[in-house]
Amino acid sequence: MILILLGAPGSGKGTQAKRLTEKLGLTHLSTGDILREAVKAGTDLGNKAKGFMNSGELVPDDLIIDMITAKMEENAAGAGFMLDGFPRNLAQAERLSEIFEKKNLVIDQVIYLNAPEAELVKRLSGRFYCPQCNAGYNYPMHLPKNEGVCDNEGEKLLRRPDDEEDVVQKRLSVYREQTSPLEEYYRSQGNLVEIDANTSPDQVTEEIISSVSKVKTA
Ligand code: AMP
């Protein structure tokens, strides 16, 4: 099964992808997570991507396509993928479609998490993560037991550099201009499912599971 999670920064893609991949047994491929790992490890890819990421711009398509193709090949033997944060513009969507055509693969569903921009800004400005285990927290919705410290690791929680206010505005405008055309692109192909992401994480998970179960039985 191949699912794509589409949505603006803060719409809950990362949270939902983690929950769903556990439930569905799929491999979670988050281009943002892979890039952050590369930046942390100081690889060539990480060094090339860092400046774009910190300013809220998209990393050049060629770097992304090579990276995600390699990850899909590495995980080809599994039950399928959940792509989170990819594709991010029409050129990437078209390249993905060519790659899938060659491999005889199809996208089962594109799950579009829709939430109003004011809600996205509120969520991103309250977002913190553990640099050790990557667990995510959100003030005031999902607080750690001890303020500022990860429940699992006891590490001091950090804010992603691209969650600073000016970068958030840039990321939202990049989403509007470059990524949101994918909503129509996939809707016109008949495989987009729109989910109201302005509700609780549990309700969003339930709606996605219900939508995906229709694909499985179709
Ligand atoms: P995310 O964690 O998905 O919000 O991604 C964080 C940052 O990584 C983005 O703001 C981009 O700079 C970069 N990034 C992630 N996925 C892509 C992609 N598919 N294409 C280009 N840049 C990406």
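Our subject in this report is the structure included herewith.

Each value, and the rule that gives it
Residues numbered from 1 in each chain as written. Predicted model: local features only at pLDDT ≥ 70, side-chain atom pairs only at ≥ 80, totals over all residues. Heavy atoms only, no water. Near = heavy atom within 4 Å. Polar contact = N/O pair within 3.5 Å; in protein donor to acceptor, adjacent residues only side chain to side chain. Areas by Shrake-Rupley, 256 points an atom, 1.4 Å probe, with all protein chains shown as cover. Helix = DSSP H or I, 4+ residues; strand = E, 2+ residues; numbered from the N terminus. Nonpolar A, V, L, I, M, F, W, Y, C, P; charged D, E, K, R; others polar. Buried < 20%, exposed > 50% of the residue type's maximum accessible area, 1.4 Å probe, protein only. Arc of directions from axis to C-beta. Contact = heavy atoms within 4.5 Å. Axes fitted to C-alpha atoms, helices over the stretch in contact; angles between N-to-C directions. 1 Å grid on protein atoms, 1.4 Å probe; cavity = no way out; pocket = protein on both sides within 12 Å on 5 of 7 lines; lining within 4 Å. Points joined across faces, edges and corners; volume = space filled by probe spheres on them.

**What to know about the site of the ligand**
Taken together, the neighbourhood of the ligand is formed by 16 residues, with Thr31, Arg36, Glu57, Gly85 and Gln92 sitting nearest. A distance of 3.0 Å separates a nitrogen atom of the ligand from a polar atom in the backbone of Val59. Within the complex, 97% of the 480 Å² of free accessible area of the ligand lies under protein. Take the shell around the ligand: its biggest share by element is 4 residues, from helix α2 (residues 31-41). Of the residues belonging to the shell around the ligand, the class tally is 6 nonpolar, 4 polar and 6 charged.

**Details of helix α3 (residues 44-54)**
Gly46, Ala49 and Met53 are the residues of α3 that are buried. Along the axis of α3, the buried positions cluster into a sector of 80 degrees, meaning they face one direction only. Residues Asp44 and Asn47 are exposed on α3 and point more than 90 degrees away from its buried face. Each element contacted by the buried residues of α3 is listed here: α2 and α7 (165-179). Phi turns positive one or two residues past the end of α3, at Gly56, with a value near 85 degrees.

**With respect to the packing of helix α5 (residues 90-103) against helix α8 (residues 181-189)**
Two elements in contact, α5 and α8, have axes whose closest approach is 9 Å; the angle formed by their N-to-C orientations is 35 degrees. Only Pro181, Leu182, Tyr185 and Tyr186 of α8 make contact with α5, whose side of the interface consists of Leu90, Ala93, Glu94, Leu96 and Ser97. Of the residues belonging to the contact of α5 with α8, the class tally is 7 nonpolar, 1 polar and 1 charged.

**Remarks on the layout of surface pockets**
In this structure, the second largest pocket encloses a volume near 210 Å³. Taken together, 16 residues make up the lining of the second largest pocket; nearest its centre are Ile2, Met72, Ala76, Phe81 and Leu105. Mapped by element, the contributors of at least two residues to the lining of the second largest pocket are α4 (61-74) and α5. Counting residues per element, the lining of the second largest pocket draws most heavily on α5, at 3 residues.

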